[in-house]
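Spelled out, the chains give:
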Amino acid sequence: MAQIIDGKAVSAAIKEQVRDEIAHSGISAGLAVVIVGNDPASRVYVNNKKKACEFCGIKSFEYALPEETTMKELLELIDTLNNDKNVNGILVQLPLPKQLDEKAVIERISPQKDVDAFHETNVGKIMIGNYSFLPCTPAGCMELIHSTGISVSGKECVVIGRSNIVGKPMAMLLLHENGTVTVCHSRTKNLAEVCRRADILVAAVGKPNFVTADMVKEGAVVIDVGINRLENGKLCGDVKFDEVSEKAGWITPVPGGVGPMTIAVLMKNTLTAAKIQK
Ligand code: NAD
């Protein structure tokens, strides 16, 4: 039976570190969160980010814009926030309504305030391993892997998913720690066979119960990034937890695994941004 990797505990420890550093150093840090429209899931994420800011002693500034906001209006707000000395980090909650160009919006955020690390400049820095801002979700996964005490160096690592926000940066972070990394995607042949090679398996697919026990090596570390809402309203990951936990050595639950880590790393990045801007 796998040991459970407790994302709530690991994320709480990170937030406490951020809170203590802010309290002891007297650094003032501020995060602006921009939400456009009324997506209920986005609303929940924004509220959680606000709560984490309160806990850490980070000032949070929320900008809730109507669904019909234009590009011009949104870019003007970002320009204002880029120039606001009280704002160290800017986060635009995705997805945005259809009329707004997400890529152009991200590129407008000053790279020094891009605490999500989505701006091309920060993505490039992650690629070469010389970065100020950690990519939030992948960095959270790395913290969870570290919490097992297992070293990534020399391990077979398989990442399922190649999105710009999870799969690709995840692969880079594993590579930076000397893992032997394979990235799988929707066109991968013999997926189960490739996954069975993994000492460390990261699932970022967005399909409930996609990873089954036959895809997992005995004793592997399994990190489940997926957040899927089932018809009965319950949250579930990409990994079929009941059967995979019988075979894996370590596994993250959903909820309570990767989810809370993303916000904890965001808090860390906001503090980093405040320090850089000082
Ligand atoms: P995405 O849709 O952008 O990417 C999904 C990836 O899965 C794609 O690269 C695709 O090639 C791959 N894929 C799809 N079908 C496949 C198949 N049959 N076989 C192999 N690969 C396949 O999604 P994303 O933004 O990377 O998010 C993935 C999941 O992680 C979602 O459930 C999302 O909600 C969740 N997520 C969680 C957090 C968190 O904080 N825990 C953060 C971001 C995303």
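Here the structure is a predicted model, which is why all the values come from computation and not from measurement. (Residues numbered from 1 in each chain as written. Predicted model: local features only at pLDDT ≥ 70, side-chain atom pairs only at ≥ 80, totals over all residues. Heavy atoms only, no water.)

Asker: How should I be thinking about the site of the ligand in this particular structure?
Answerer: Close to the ligand lie 22 residues; Arg162, Ser163, His185, Ile227 and Thr262 are nearest. Take Val225: an N or O atom from its main chain is 3.5 Å from an oxygen atom of the ligand. By residue number, the principal contributor to the shell around the ligand is helix H10 (residues 258–277), which donates three residues. Along the lines of polarity and charge, the residues of the shell around the ligand split into ten nonpolar, ten polar and two charged. (Near = heavy atom within 4 Å. Polar contact = N/O pair within 3.5 Å; in protein donor to acceptor, adjacent residues only side chain to side chain. Helix = DSSP H or I, 4+ residues; strand = E, 2+ residues; numbered from the N terminus. Nonpolar A, V, L, I, M, F, W, Y, C, P; charged D, E, K, R; others polar.)

Asker: I keep staring at a negative patch on the surface and nothing clicks. Help me out?
Answerer: Side chains of Asp39, Glu67, Glu68 and Glu73 sit close together on the surface and give a patch of like negative charge. Looking at the secondary structure, you find Glu67 in the loop between strand E3 (59–65) and helix H3 (71–82). (Patch = residues over 30% accessible without salt bridge, like charges linked within 9 Å, V, L, I, M, F, W, Y side chains within 5 Å. Areas by Shrake-Rupley, 256 points an atom, 1.4 Å probe, with all protein chains shown as cover. Salt bridge = Lys/Arg side-chain N within 4 Å of Asp/Glu carboxyl O. Lys, Arg positive; Asp, Glu negative; His and termini not counted. Charge placed at Lys NZ, Arg CZ, Asp CG, Glu CD.)

Asker: Just checking my understanding: could you explain the nonpolar core for this structure?
Answerer: As a rule of thumb, soluble globular proteins bury nonpolar side chains together. Residues Leu31, Ile58, Leu174, Ile223 and Met267 are the most contacted members of the largest nonpolar core, which totals 52 residues. It is H10 that contributes the most residues to this core, ten residues altogether. Not counting residues up to four positions away in its chain, the partners in contact with Leu174 are Met142, Ile145, Val152, Cys157, Val159, Gly179, Val181 and Val202. Counting residues in each nonpolar core, the second largest holds 19 residues, with Ala2, Cys195, Met215 and Val222 among its members. (Core = buried A, V, L, I, M, F, W, Y, C linked by side-chain atoms within 4.5 Å. Buried < 20%, exposed > 50% of the residue type's maximum accessible area, 1.4 Å probe, protein only. Contact = heavy atoms within 4.5 Å.)

Asker: It is not clear to me how empty space enclosed by the protein should be interpreted in this structure. Could you clarify?
Answerer: Rolled over the atoms, a probe sized like a water molecule indicates the empty space that remains. Applying the stated rule across the entire model yields two cavities of 30 Å³ or more. Its volume calculated, the largest cavity comes out at about 60 Å³. In terms of lining, the largest cavity is formed by Ile90, Leu91, Val92, Leu94, Ile106, Ile109, Asp114, Asp116 and Phe118. A total of three residues in the lining of the largest cavity trace back to one element, the largest contributor, which is strand E4 (residues 89–92). Approximately 40 Å³ is the volume found for the second largest cavity. Every residue along the wall of the second largest cavity is listed here: Val33, Val46, Lys49, Lys50, Ser60, Phe61 and Glu62. When residues of the lining of the second largest cavity are traced back to their parent elements, those giving at least two are helix H2 (40–56) and E3. Each residue belonging to the lining of the second largest cavity can be placed in one class, and the counts come to three nonpolar, one polar and three charged. (1 Å grid on protein atoms, 1.4 Å probe; cavity = no way out; pocket = protein on both sides within 12 Å on 5 of 7 lines; lining within 4 Å. Points joined across faces, edges and corners; volume = space filled by probe spheres on them.)

Asker: Help me understand the environment of Val254 in this model?
Answerer: Following the sequence through the fold, Val254 ends up in the loop between strand E11 (250–251) and H10. Taking the C-alpha atoms as reference points, Val254 and Phe55, separated by 199 residues in sequence, lie 23 Å from one another. Setting aside residues up to four positions removed in sequence, Val254 forms contacts with Asp224, Gly226, Leu235, Cys236 and Gly237.

Asker: I'm lost on helix H7 (residues 167–176) in this one. Help?
Answerer: Side chains of residues three or four places apart in an α-helix project in the same direction, reflecting 3.6 residues per turn. Across the ten residues that make up H7, a large majority, seven, are buried. Every buried residue of H7 is listed here: Gly167, Pro169, Met170, Ala171, Met172, Leu173 and Leu174. Packing partners of the buried residues in H7 comprise helix H5 (120–128), helix H6 (136–147), strand E5 (156–160), strand E6 (180–184) and strand E7 (200–203). Once H7 ends, the next one or two residues include Asn178, with phi positive near 70°.

Asker: What should I look at first to understand H3 in this one?
Answerer: For H3, built from twelve residues, the straight-helix expectation of 16 Å at 1.5 Å per residue is met to within 8% by its first-to-last C-alpha distance of 16 Å. Along H3, the residues classified as buried are Leu74, Leu75, Leu77, Ile78, Leu81 and Asn82. What you see down the axis of H3 is that its buried residues fit within an arc of 155°, all on one side. Next to the buried residues of H3 lie strand E2 (30–36), E3, E4 and helix H4 (102–108). (Expected span 1.5 Å × (residues − 1). Arc of directions from axis to C-beta.)

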